[in-house]
Amino acid sequence: MTTVTVRQTVHELMAFHGMTTMFGNPGSNELPFLKDLPARYILGLHEAAVVAMADGYSQITNRPTLVNLHAASGTGNGLGALTNSVISRSKLVITAGQQVRDMIGPEVMLANVQAPKLAEPLVRQSLEPLSAHDVPRAFSQSVFASEHGPVYLSVPYDDWDAEVPADRIGQLSRHVTSARSVDPAVVAELAQKLRAAVSPVLVLGPEVDDERVWNTTIALSEACDLPVWAAPSLSRLPFPNQHPNFRGVLPAGIAPIGQILRPHDLALVIGAPVFRYHQWQPGQYLPETTELIQIGEDTAAAARAPFGDALIADPVETLLALGNSLDVAEPGPIADPVAAPAREIAAPATSATDGVLHPEEVFAGLRETMPRETRYVVESTSTNAAFWAQMNLELPGSYFFPASGGLGWGMPASMGVALADPHRPVVAIIGDGSAHYSISALRTAVEEDIGVIIVLLRNGTYGALDWFADMLGVDKAPGLDLGEVDFVSIAAGYQMSAAHAGNAEEFDRALSEAIDRAGRGQASLIEVSTEKTRPEKK
């Protein structure tokens, strides 16, 4: 009988599933797996950055993405970033090295007796195979399970040199597909409800930020004269934010959402849970006169919703079918040129302080200079209101935000986004409070020739927490002031081109130079001192 190593078998399965890029930070337990690796290895200098890079990459490719972490300590370092990946349901296959099998029981250095439990509260599936021969099958299972969100696989490092039958590769080179379709009768009932409603409203979530349905959603809102809100705690933008039908992002409180939905007799929530609240603002969940129907594939989200009915179905396919049922005109290609926004964008607020810009000035500069197809990875919560006031995002896949609010995700995630699709420019908008968590990601951008533009907004404080402290009545909370850190020097230390912009003209010049470098695969950092602002307008 012809045999091959477990390592060769898994490497062949990686190739079969198109897993040609791997994100990791290696340790001794992982080295045997990395021997003769048939994939591009993207090194991150901290495991949280590694997970975030892979998350951004997976969100663009929509394919299982391989991550390799170092034993228990590396896994622990990555868990904070993983909280974002779980909410975004990113397709991450996270592998971690375990000590050799004979040494796990004595709990020697780098042994983890209960390895699967370490990631279990977060991931969709957590495994450590009971034998070396089962590693290839467990890897295959993990790839398929990742279609529903991150999974974790711990492998003792002596397993990789074990021998298995060569035909195991062919046996496990298999496909798992879904043939489920949206029930036409259910779609017809939704269409009838929409026709009969006096004042319907559409609430869209991250799951319908998809080029397959983007234009259909716009056409549906226009044909039915539907006001459109984005779901609260938004991680992806499912609708062009300057479209006249767009009302904004729902506030993340019970009372304000209830008040917004009050005038509507029908609310269709598509591609989002009901709802991801944040600040505690108690009130009526939903007026008695409003019928709410939640549409999505997440059965757990449907089960835990405190109100409304739910339809378990592919939200993209449901929207397409609903548009067809309502005879919505077939939209043109997404790439077709469009007119300037129908809704006029007000002139940006300006700063009266020398050397300091209002965030709206920065965002207006980005809007006026960056190409229409630019992707923005945002982790600057205190500037949310300024961002939405000035930006004009017209295409799907243009906006990314940490799905669970875990800081340190944005900078490395932007690099994963850029690696996955080098044809669209990527700008990372990062607050100084966030930047400290994952600043080492700058080195990966330099080493891997990732032409990302990092706009670092420096206001010297955790601005969102300052706003939250006001809301909670916490006066003079400690730990909110960050001081003035020189990020230009830090970036230079990582051999990245960097500049400080003290006014709008300097920002425009630095941005123009960064665009030129990005076209050559070189990253740039632009530091801007900004006024303190609030996440929501009063």
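First, a word on scope: everything that follows refers to the structure included in this document. Quick caveat, the model's predicted, so the values are computed rather than measured. (Residues numbered from 1 in each chain as written. Predicted model: local features only at pLDDT ≥ 70, side-chain atom pairs only at ≥ 80, totals over all residues. Heavy atoms only, no water.)

**Some thoughts on the packing of aromatic side chains**
Next, step 1: Taken as a whole and judged by the stated rule, the model has 13 aromatic pairs.
Next, step 2: Measuring from centroid to centroid gives 5.3 Å for Phe 23 and Tyr 57, while their planes differ by 65°, and the two rings are edge-to-face. With Phe 23 in strand β2 (residues 21-24) and Tyr 57 in helix α3 (residues 47-61), the pair connects residues that are 34 residues apart, well separated along the chain. You'll find Phe 23 and Tyr 57 in the same group, each marked buried. (Phe/Tyr/Trp six-rings, centres within 6.5 Å; stacked < 30°, edge-to-face > 60°. Helix = DSSP H or I, 4+ residues; strand = E, 2+ residues; numbered from the N terminus. Buried < 20%, exposed > 50% of the residue type's maximum accessible area, 1.4 Å probe, protein only.)

**Structural notes on the packing of helix α13 (residues 359-369) against helix α20 (residues 504-518)**
Next, step 1: At a closest axis distance of 10 Å, the pairing of α13 and α20 adopts a crossing angle of 40°. One finds that α13 runs oblique with respect to α20. Crossing of α13 against α20: the hand is right-handed. Between α13 and α20, the contacting residues are Glu 361, Val 362, Gly 365, Leu 366 and Thr 369 on the first element and Ala 504, Phe 507, Asp 508, Leu 511 and Ile 515 on the second. (Axes fitted to C-alpha atoms, helices over the stretch in contact; angles between N-to-C directions. Parallel < 35°, antiparallel > 145°, perpendicular 65-115°, else oblique. Left-handed = near helix turned anticlockwise from the far one by under 90°. Contact = heavy atoms within 4.5 Å.)

**Thoughts on the packing of α3 against helix α15 (residues 410-420)**
Next, step 1: Two numbers describe how α3 lies on α15: the axes approach to 7 Å, and their chain directions differ by 40°. Between α3 and α15, the interaxial angle falls into the category oblique. Crossing hand, α3 versus α15: right-handed. Each of Ala 49, Ala 52, Met 53, Gly 56, Tyr 57, Ile 60 and Thr 61 in α3 lies in contact with α15, whose residues at this interface are Pro 412, Ala 413, Met 415, Gly 416, Val 417, Leu 419 and Ala 420.

**What about the environment of Ala 188?**
Next, step 1: As for its placement among the helices and strands, Ala 188 is situated in helix α8 (residues 184-196).
Next, step 2: Placed 133 residues apart in sequence, Ala 188 and Ala 321 show a C-alpha to C-alpha distance of 9.0 Å.

**What about the environment of Ser 382?**
Next, step 1: Relative to the assigned elements, Ser 382 resides in the loop between β15 (375-379) and α14 (384-390).
Next, step 2: Taking the C-alpha atoms as reference points, Ser 382 and Pro 263, 119 residues apart in sequence, are found 30 Å from one another.

**Some thoughts on unusual backbone geometry**
Next, step 1: Across the junction of Val 274 and Phe 275, the peptide omega takes the value -25°, indicating a cis bond.
Next, step 2: Mapping Phe 275 onto the fold places it in the loop between β12 (266-270) and β13 (291-296).
Next, step 3: In this structure, Asp 449 takes a positive phi of about 55° despite not being glycine.
Next, step 4: Within the fold, Asp 449 resides in the loop between α17 (441-447) and β18 (453-458).
Next, step 5: Look at Asp 449 and you get exposed, because its relative accessible area is 56%.
Next, step 6: The backbone phi angle of Gln 495 is positive, close to 65°, even though this residue is not glycine.
Next, step 7: Examined against the element boundaries, Gln 495 turns out to sit in the loop between α19 (487-493) and β19 (497-501).

**Digging into the pattern of salt bridges**
Next, step 1: Across all of its chains, the model carries 17 salt bridges by this definition.
Next, step 2: Between Asp 210 and Arg 212 there is a salt bridge, and its shortest N-O distance comes to 2.8 Å.
Next, step 3: Owing to a relative accessible area of 16%, Asp 210 belongs among the buried residues under this scheme.
Next, step 4: Between Arg 375 and Asp 421 there is a salt bridge whose closest N-O contact spans 2.7 Å. In this pair, Arg 375 sits in strand β15 while Asp 421 sits in the loop between α15 and β17 (426-431), placing the two residues 46 residues apart along the sequence. Take Arg 375 and Asp 421: they sit in the same class, and that class is buried.
Next, step 5: Several salt bridges share partner residues, and in doing so they unite Asp 210, Arg 212 and Glu 317 into one network. (Salt bridge = Lys/Arg side-chain N within 4 Å of Asp/Glu carboxyl O.)

**A few points about the sheet that holds strand β6 (residues 125-127)**
Next, step 1: With parallel pairing, six strands are arranged side by side in an open sheet as β3-β2-β4-β5-β7-β6. Each end of this open sheet is capped by a strand with a single partner; those strands are β3 (40-43) and β6. Pairwise comparison of adjacent strand axes, ignoring direction, gives a mean angle of 20° for this sheet.
Next, step 2: Pairing analysis gives three bridges linking β2 to strand β4 (residues 65-69), with the strands arranged parallel. By the bridge assignment for β4, Met 22 is matched with Leu 66.
Next, step 3: Packing of helix α4 (residues 71-88) onto the sheet brings it into contact with β4, β5 (92-98) and β7 (151-156), and relative to β5 it is tilted by some 165°. (Pairing = 2+ DSSP bridges.)

**Some thoughts on the pairing of β15**
Next, step 1: Across the five residues of β15, five count as buried, placing the element largely inside the fold.
Next, step 2: Side chains of β15 alternate between two faces, with Arg 375, Val 377 and Glu 379 and Tyr 376 and Val 378 buried alike.
Next, step 3: Two strands pair when backbone bridges link them, and β15 and β17 are joined in this way by five bridges, in the parallel orientation. For Tyr 376, the partnering residue across the bridge sits in β17 and is Val 427.
Next, step 4: Between the parallel elements β15 and strand β16 (residues 399-400), the chain passes through α14 in a crossover that is right-handed. (Right-handed = clockwise from strand over helix to strand, strands pointing away.)

**As for α15**
Next, step 1: The buried count for α15 comes to ten of eleven residues, which makes it a mostly enclosed element.
Next, step 2: Gly 410, Met 411, Pro 412, Ala 413, Ser 414, Met 415, Gly 416, Val 417, Ala 418 and Leu 419 are the residues of α15 that are buried.

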